[in-house]
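Spelled out from the first residue to the last, the chains are:
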Amino acid sequence: MNETPTTVTNILMVCLGNICRSPLAEGILRSKLDATHFNVDSVGTGDWHVGNPPDPRSVKVGLSHGVDISGLRGRQLSESDFNDFDHIYVMDQNNLEDVLAKATTDEQRRKVVMILDVVFHGEKVDVPDPYHGSAEDFERVYEMLDTACDQIAKELA
Ligand code: 4NP
């Protein structure tokens, strides 16, 4: 059959633990994109939470906005991710340094962007780590990621 192959754009969200911010970013962006054309995943730079579900506070704030991330499981950034993904969004400047330190080519480095740069161009604004914070901090993280993912979805559409 002469079917046109479907082009899939692969997007990776990265934070430190892959249990608070990046699983939320994954769920939020996935909710805004057509699954036929976009694959969204998330990883941590650290390995403490590999195989673990997201932090219950991230699950809760996601559900309160209609985004269910309870089925996600932690994974650590691997070398192959730099080739498997087209866009790599990191949450803060520490993530940026850690990810860039693992990239081996300019093409790989060009894929890596701080997620709030899509809103505050070049201002290097962090999505703050809410791990030691309150429910309000998780809500603030949700709002920041929702704003950034709206912009990303608009740019990729
Ligand atoms: P995340 O938050 O990077 O947004 O997933 C963290 C979760 C766990 C830890 C650090 C940050 N930890 O040190 O275990």
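The structure this text deals with has already been given above.
So, a few notes on the structure that sits alongside this text. Only a predicted model underlies this, so the values are computations on that prediction, with no experimental measurement involved.

## Brief notes about the environment of Glu79
Right, on to step 1. Among the secondary structure elements, Glu79 is positioned in the loop between helix H2 (56–64) and helix H3 (81–84).
Right, on to step 2. As a C-alpha pair, Glu79 and Thr104 span 25 residues in sequence and 8.9 Å in three-dimensional space.

## Here we look at the sheet that holds strand S3 (residues 87–90)
Right, on to step 1. Ordered by their spatial adjacency, four strands build an open sheet running S2-S1-S3-S4, and the pairing between neighbours is parallel. Each edge of the open sheet carries a strand with a single partner, namely strand S2 (38–44) and strand S4 (112–114). Put simply, the sheet's adjacent strands are angled 25 degrees from each other on average, direction ignored.
Right, on to step 2. Bridge analysis of strand S1 (residues 9–15) against S2 gives seven bridges, and the strand direction is parallel. Its bridge partner lying in S2, Val14 is registered against Val43.
Right, on to step 3. Running at roughly 170 degrees to S4, helix H4 (residues 93–102) makes contact with S1, S3 and S4 of the sheet.

Rules used in this analysis
Residues numbered from 1 in each chain as written. Predicted model: local features only at pLDDT ≥ 70, side-chain atom pairs only at ≥ 80, totals over all residues. Heavy atoms only, no water. Helix = DSSP H or I, 4+ residues; strand = E, 2+ residues; numbered from the N terminus. Pairing = 2+ DSSP bridges. Axes fitted to C-alpha atoms, helices over the stretch in contact; angles between N-to-C directions. Contact = heavy atoms within 4.5 Å.

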